[in-house]
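Residues per chain, in single letters:
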Amino acid sequence: MITPASIPLSLYIHLPWCTRKCPYCDFNSHEGFSSDLQQPYTEALLADLSSQQDWMSARAIQSIFIGGGTPSLFEGEWIARLLEGIGQRVTIAGDAEITLESNPGSAEAKRFVDYKAGGITRLSIGVQTFHDPLLQSLGRIHSGDDARRALDMVTHAGFDRWNIDLMHGLPGQTADMAEADLADAIALSAGHISWYQLTIERNTRFWSTPPSLPDEETQEMIQEAGETTLSHAGFNQYEVSAYCVGGEESLHNLNYWQFGDYIGIGAGAHGKVTLPSGLIQRTQRTRSPFDYLSQAQAEGFAPPPQAAITAEALPAEFAMNALRLKSGVPLSDFSERTGLPVDALMTAAAEATAKGWLSDPSNGRFAASALGYRFLDSVVGTFV
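**Q** Break down the overall build of the chain for me, citing the residues and quoting the values.
**A** The helix and strand tally for the chain stands at 16 helices and 14 strands. Computed over C-alpha atoms, the radius of gyration of the chain comes to 21 Å, within 12% of the 21 Å expected from 2.2 N^0.38 for 384 residues, which places it in the range of a compact globule. Overall, the C-alpha framework of the chain stretches about 55 × 55 × 40 Å when taken along its three principal axes. With 384 residues in all, the chain has 52% of them scored as buried. The contacts in the chain between residues at least 6 apart in sequence include a share of 73% that link residues at least 24 apart. Entry remark: accessible area of the chain is about 16300 Å², with carbon and sulfur atoms responsible for 51%. Of the side chains in the chain, 25 bear a positive and 45 a negative charge, and the two mean positions are spaced by 3 Å.

Written out as structure tokens, the structure reads:
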């Protein structure tokens, strides 16, 4: 039987507006932001949270992540009001990590100071690249110098924890350009870099009009050289696209990968919640910001629609998250967070184990082997 109180609980908050929609982005983001939206949307978020309080079983929130969209379009006053309202409704752990995503194109020194004063403890800065022609090809509204200034503002605002988001495999990018991006990021980092390859997703402009990307040989060269550069700088890969020096892991993202619970509030926000009955359910709000606000202002929120994760699907759901971590997770987490015996996971893992894609489970951990980590999509596919 699962004990929900033993499962870490996080809160994800979605602010869905951007100044301009990037051609590669398949996230729930929308143009048309106005400062007049800040008050009604903040009030809607708090009403959304209140509608889900019964699912929390009096658990404390261990981390909060404010994502988007571009959350830094919201002024510090409204982020502070939001966090204050959350604290009035639920318990936030004293050492909770509270992260806000920021776009260098919307960065302001005073705003960063206000975010910190309002309770934000970590920033995630969407740099993507420091090369202006590549930024233009990605539809970004900032320049490389804007990104450098934004990171300088973060330091002067008093933050000591922040993440730099960086992409590679970009249209027109050479291996030398990718290497230069990493060198800049390392120099400006607080010890955490998310470094991931551009992928062309459905429902994006790049899907309908694909750009010319570096060839496979160049992509491999970038990946190998980049991993070496990060390692030599003291950054260890702890997840597929996350690298950090000791102790700088993203605690919020770790909770996802360790199959923890999280409440999702905001337009299009997803959640995963374990109920006292042992049922594990996923939730999602409507994606449209207009519909979300209309619902909040008209009849108010009922709990969001729920879909139970079946016992048959749990091994695959668990593996899809846990195996992203290079060191895996304790094998005991499977039973504690699904309510199923470990045998259910190991039976599903038989094919991957036979191919040498998983580490020896006798060490008490569920993790991909060095070989399996190179073919992680195939490893996870054996659980489906």
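Back to the write-up after that little detour.
**Q** For a negative patch on the surface, give the residues involved together with the corresponding values.
**A** Together, Asp215, Glu216, Glu217, Glu220, Glu224 and Glu227 make up a region of like negative charge exposed at the surface. Position of glutamate 224 among the secondary structure elements: in helix 8 (residues 216-232).

**Q** Give a detailed account of the side chain of serine 10, specifying residues and quantitative values.
**A** Locating serine 10 in the fold gives a position in strand 1 (residues 9-15). Only 2.9 Å separates the side chain of serine 10 from the side chain of asparagine 255, close enough to count as a polar contact. Ignoring any residue separated from it by four or fewer positions in sequence, one finds serine 10 in contact with Ile61, Ser63, His252, Asn255, Asp261, Tyr262 and Ile263.

**Q** Describe the layout of surface pockets, naming the residues involved and giving the relevant values.
**A** There is about 170 Å³ of room inside the second largest pocket. Lining the second largest pocket, in full, are Pro8, Ser10, Gln62, Ser63, Asp95, Ala96, Glu97, Leu251, His252, Leu254, Asn255 and Gln258. Those elements that provide at least two residues to the lining of the second largest pocket are strand 2 (61-68), strand 3 (92-102) and helix 9 (251-257). By residue number, the principal contributor to the lining of the second largest pocket is helix 9, which donates 4 residues. Looking at the lining of the second largest pocket residue by residue, the class counts come to 4 nonpolar, 6 polar and 2 charged.

Rules and cut-offs
Residues numbered from 1 in each chain as written. Predicted model: local features only at pLDDT ≥ 70, side-chain atom pairs only at ≥ 80, totals over all residues. Heavy atoms only, no water. Helix = DSSP H or I, 4+ residues; strand = E, 2+ residues; numbered from the N terminus. Rg over C-alpha atoms; globule rule 2.2 N^0.38 Å. Buried < 20%, exposed > 50% of the residue type's maximum accessible area, 1.4 Å probe, protein only. Contact = heavy atoms within 4.5 Å. Areas by Shrake-Rupley, 256 points an atom, 1.4 Å probe, with all protein chains shown as cover. Lys, Arg positive; Asp, Glu negative; His and termini not counted. Charge placed at Lys NZ, Arg CZ, Asp CG, Glu CD. Patch = residues over 30% accessible without salt bridge, like charges linked within 9 Å, V, L, I, M, F, W, Y side chains within 5 Å. Salt bridge = Lys/Arg side-chain N within 4 Å of Asp/Glu carboxyl O. Polar contact = N/O pair within 3.5 Å; in protein donor to acceptor, adjacent residues only side chain to side chain. 1 Å grid on protein atoms, 1.4 Å probe; cavity = no way out; pocket = protein on both sides within 12 Å on 5 of 7 lines; lining within 4 Å. Points joined across faces, edges and corners; volume = space filled by probe spheres on them. Nonpolar A, V, L, I, M, F, W, Y, C, P; charged D, E, K, R; others polar.

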